[in-house]
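Chain and residue survey
Residues per chain are reported as follows:
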Amino acid sequence: MSEIKNYTFNFGPQHPAAHGVLRLILETDGEVIQKIDPHIGLLHRATEKLAESKPFNQSIGYMDRLDYVSMMCNEHGYVLAIEKLLKITAPIRAQYIRTMFDEITRILNHLLWLGAHALDCGAMSVFLYCFREREDLMDCYEAVSGTRMHATYYRPGGVARDLPDTMPKYKASRWHKNGEELGAPATRRELRELKRKNSNREGSLLDFIEDFTNRFPSLIDEYETLLTDNRIFKQRTVGIAAVSPSLALQLGFTGPMLRGSGVEWDLRRKQPYAAYEHLDFKIPIGKNGDCYDRYLVRVEEMRQSNKIIKQCVDWLRKNPGPIKSDDFKVSPPSREIMKESMEGLIHHFKYMTEGYTVPAGEVYTAIEHPKGEFGVYLISDGGNKPYRLKVRAAGFSHLAAMDELCRGHMIADLVAVISSIDVVFGEIDR
């Protein structure tokens with residue numbers, strides 16, 4: 001029998017589980033991992049440097065493209081930092097809208113994570129189910145911002161616009177012809193199907209979101225039926241990359257990675273922002289800190305997010321009001337004011353060309369991002385552009401712990417571990 005040899009080789013960036021931009025240098029003893037050295041930077045786009053050359057109100061769009069699965073949460077961290085330096089607070093209705101969209105974003109993030117994690121562990125169907133629900137939530141993004149992903153919806157002093165009274169509807173098209181010749185009139189069956197698809201889109205955005213929150217718990221049950229007690233899934237995740245509470249704290253874990261190890265730390269409770277202090281929700285925590293516990297924590301987080309969204313919808317229905325600051329130096333006047341008043345025109349021109357000046361100072365703000373603590377350290381020199389911007393990416397310290405997590409495990413377990421830490425390289429490489 002030949003002796004087992006030590007190998008040093010690359011895992012990724014071509015490997016399907018390596019997101020196309022992660023290179024791990026593995027040292028193995030046969031199939032057992034001895035050491036992992038992550039090489040990052042393949043998606044570095046100099047976001048923090050670019051922000052230094054753009055006025056504050058024109059660099060919000062860069063934040064969407066950091067963690068491009070949790071777009072509005074990134075915006076929230078940046079906008080809060082600007083608001084803190086400006087010493088302004090968004091109106092209460094805007095706070096509730098932000099909270100609702102933060103939780104919609106959390107569900108979007110966890111659905112993509114759940115589908116990809118299941119796929120990495122060998123389960124195909126869950127991926128398709130998760131994307132079915134993501135479509136509805138992407139439509140909510142599109143309804144308020146006009147785009148499905150990079151919304152740029154949060155603004156210092158509030159949000160860009162109020163929630164719409166109508167939802168986009170499906171229309172008859174050639175793709176709904178069921179194999180008939182193009183250009184033929186829609187059949188009764190096709191029209192019935194179209195009516196069924198539009199049944200929850202007849203009212204406002206809040207009606208649509210409420211319908212989603214009523215359906216979603218049973219859909220989470222479907223995912224759990226497929227995975228939670230699945231023998232193969234448990235063999236791939238139970239006991240893999242277990243992290244004790246003390247080690248999780250030492251490694252700088254936050255979010256589901258820290259809560260999966262049994263540490264109850266959630267910025268929405270410990271350092272409340274937006275409207276979280278007025279809402280009722282629980283913080284799920286794990287016991288063993290392994291891949292399976294991190295899965296359970298994120299699934300329960302989706303249920304709690306659903307509960308928060310429901311409460312926000314109820315409050316927003318009963319409380320109309322302003323959705324952005326009435327200080328025209330930090331939020332532009334409406335088209336009517338701009339066209340009718342000279343001051344309005346000047347404010348609009350100044351805002352759109354050079355933005356607004358932010359008092360000199362430095363500030364750090366953090367939010368409970370779906371992946372952990374997303375922090376923004378912002379320095380202003382009194383000008384209209386950031387002097388320095390530093391983003392604390394939630395996934396960075398999790399990826400840095402790969403060596404600690406995987407040592408002694410098999411190469412096959414590495415795939416489950418990478419997907420369980422929920423890495424997105426837009427924010428890690430920045």
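Relevant structure appears above.
Here's a quick rundown of the structure. (Residues numbered from 1 in each chain as written. Predicted model: local features only at pLDDT ≥ 70, side-chain atom pairs only at ≥ 80, totals over all residues. Heavy atoms only, no water.)

1. So, the overall build of the chain
Helix and strand counts for the chain stand at 18 helices and 8 strands. In terms of overall dimensions, the chain has C-alpha extents of about 90 × 65 × 40 Å along its principal axes. Taking the intrachain contacts of the chain between residues at least 6 apart in sequence as the baseline, contacts between residues at least 24 apart amount to 70%. Here the chain displays about 19,400 Å² of accessible surface, and carbon together with sulfur accounts for 54% of that area. Each charge class in the chain can be summarised by its mean position, and for the 57 positive and 58 negative side chains these summaries are 3 Å apart. (Helix = DSSP H or I, 4+ residues; strand = E, 2+ residues; numbered from the N terminus. Contact = heavy atoms within 4.5 Å. Areas by Shrake-Rupley, 256 points an atom, 1.4 Å probe, with all protein chains shown as cover. Lys, Arg positive; Asp, Glu negative; His and termini not counted. Charge placed at Lys NZ, Arg CZ, Asp CG, Glu CD.)

2. As for the pattern of salt bridges
Where charged atoms from two side chains of opposite charge come close, those side chains can pair. According to the stated counting rule, one finds 29 salt bridges in the structure shown. Taking the shortest distance from any N to any O, the salt bridge between Glu 133 and Arg 132 comes out at 2.6 Å. The class of Glu 133 is buried, set by a relative accessible area of 2%. The class for Arg 132 is partly exposed, based on a relative accessible area of 37%. (Salt bridge = Lys/Arg side-chain N within 4 Å of Asp/Glu carboxyl O. Buried < 20%, exposed > 50% of the residue type's maximum accessible area, 1.4 Å probe, protein only.)

3. Notes on the environment of Phe 281
Mapping Phe 281 onto the fold places it in the loop between α11 (267-270) and α12 (291-318). Phe 281 sits in the buried class, given a relative accessible area of 2%. The spacing of Phe 281 and Arg 303 is 22 residues in sequence and 9.6 Å in space, taken between C-alpha atoms.

4. Concerning the environment of Lys 371
With respect to the helices and strands, Lys 371 occurs in the loop between β6 (361-369) and β7 (372-380). Taking relative accessible area as the criterion, Lys 371 reaches 2% and is therefore assigned buried. Polar side-chain contacts of Lys 371 include one of 2.8 Å to the side chain of Asp 67. At 2.4 Å, the side chain of Lys 371 and the side chain of Asn 109 are in polar contact. (Polar contact = N/O pair within 3.5 Å; in protein donor to acceptor, adjacent residues only side chain to side chain.)

5. With respect to the sheet that holds strand β2 (residues 23-29)
Ordered in space as β1-β2-β3, the 3 strands form an open sheet in which the pairing is antiparallel. Two strands lie at the open edges of the sheet, namely β1 (6-11) and β3 (32-39), each paired on one side alone. Within this sheet the neighbouring strands show an average axis-to-axis angle of 20 degrees, counted without direction. Pairing geometry for β2 and β3, over 7 bridges, is antiparallel. (Pairing = 2+ DSSP bridges. Axes fitted to C-alpha atoms, helices over the stretch in contact; angles between N-to-C directions.)

6. Focus on the state of the cysteines
The tally for this structure, following the rule as stated, stands at 0 disulfides. Cys 121 supplies the cysteine sulfur nearest to Cys 130, a cysteine that is in no disulfide, at a spacing of 13 Å. The buried category is assigned to Cys 130, whose relative accessible area is 0%. Among the cysteines around Cys 140, which has no disulfide bond, Cys 312 carries the closest sulfur, lying 13 Å off. (Disulfide = S-S within 2.5 Å.)

7. A look at the side chain of Asp 136
Structurally, the position occupied by Asp 136 is in helix α5 (residues 125-145). Those residues in contact with Asp 136 that sit more than four places away from it in its chain are Arg 201, Phe 208, Phe 212 and Arg 215.

8. Observations regarding the packing of aromatic side chains
Both the distance between ring centres and the angle between the ring planes are used here to describe each pair of aromatic rings. One pass over the full model with this rule turns up 13 aromatic pairs. Measuring from centroid to centroid gives 6.2 Å for Phe 101 and Tyr 141, while their planes differ by 65 degrees, and the two rings are edge-to-face. Of this pair, Phe 101 sits in helix α4 (residues 92-120) while Tyr 141 sits in helix α5, and the two are 40 residues apart along the sequence. Residue Phe 101 shares its accessibility class with Tyr 141, and that shared class is buried. Directly above the ring of Phe 281 sits Arg 269, whose terminal nitrogen or CZ lies 4.3 Å from the centroid. A cation sits over an aromatic face here: Arg 430 above Phe 396, 5.8 Å from the ring centre. (Phe/Tyr/Trp six-rings, centres within 6.5 Å; stacked < 30°, edge-to-face > 60°. Lys NZ or Arg CZ within 6 Å of the ring centre and 35° of its normal.)

9. Looking at a nonpolar patch on the surface
A grouping of Leu 119, Met 124 and Leu 128 is seen on the molecular surface, where their side chains present a nonpolar patch of about 290 Å² in accessible area. You can see Leu 128 is positioned in helix α5. (Patch = residues over 30% accessible without salt bridge, like charges linked within 9 Å, V, L, I, M, F, W, Y side chains within 5 Å.)

10. Points about helix α7 (residues 205-227)
In a regular helix each residue adds 1.5 Å, so 23 residues correspond to 33 Å; α7 covers 32 Å between its end C-alpha atoms and thus fits that length. Roughly 35 degrees is the biggest bend found in α7, and it falls at Phe 216, with proline Pro 217 one to four residues downstream. For α7, the complete set of buried residues consists of Leu 205, Leu 206, Phe 208, Ile 209, Phe 212, Thr 213, Phe 216, Leu 219, Ile 220, Tyr 223 and Leu 227. Packed against the buried residues of α7 are α4, α5, α8 (231-237) and α12. (Expected span 1.5 Å × (residues − 1). Bend = angle between axes of the 7 residues up to and from the residue.)

11. A look at the sheet that holds β6
Spatially, 3 strands are ordered β6-β7-β8 in an open sheet, and the strand pairing comes out antiparallel. Two strands in the sheet have a free side with no partner beyond their single neighbour: β6 and β8 (388-392). Here the strands of the sheet are splayed against their neighbours by 10 degrees on average, with no regard to which way each runs. Note that β6 and β7 share 9 bridges and pair antiparallel. Of the residues in β7, the one forming a bridge with Gly 361 is Ser 380.

12. Thoughts on the packing of α4 against helix α17 (residues 411-420)
Here α4 crosses α17 at 175 degrees, and the two axes come no closer than 9 Å. One way to sum up the angle between α4 and α17 is to call them roughly antiparallel. Contact residues: α4 offers Trp 113, His 117 and Asp 120, while α17 offers Val 415, Ala 416, Ser 419 and Ser 420. Broken down by class, the residue content of the contact of α4 with α17 amounts to 3 nonpolar, 3 polar and 1 charged. (Parallel < 35°, antiparallel > 145°, perpendicular 65-115°, else oblique. Nonpolar A, V, L, I, M, F, W, Y, C, P; charged D, E, K, R; others polar.)

13. Considerations on unusual backbone geometry
In this structure, Ala 274 is a non-glycine residue whose phi angle is positive, near 50 degrees. Here Ala 274 is to be found in the loop between α11 and α12.

So, to be careful, I would describe these as geometric facts and stop short of saying anything about function.
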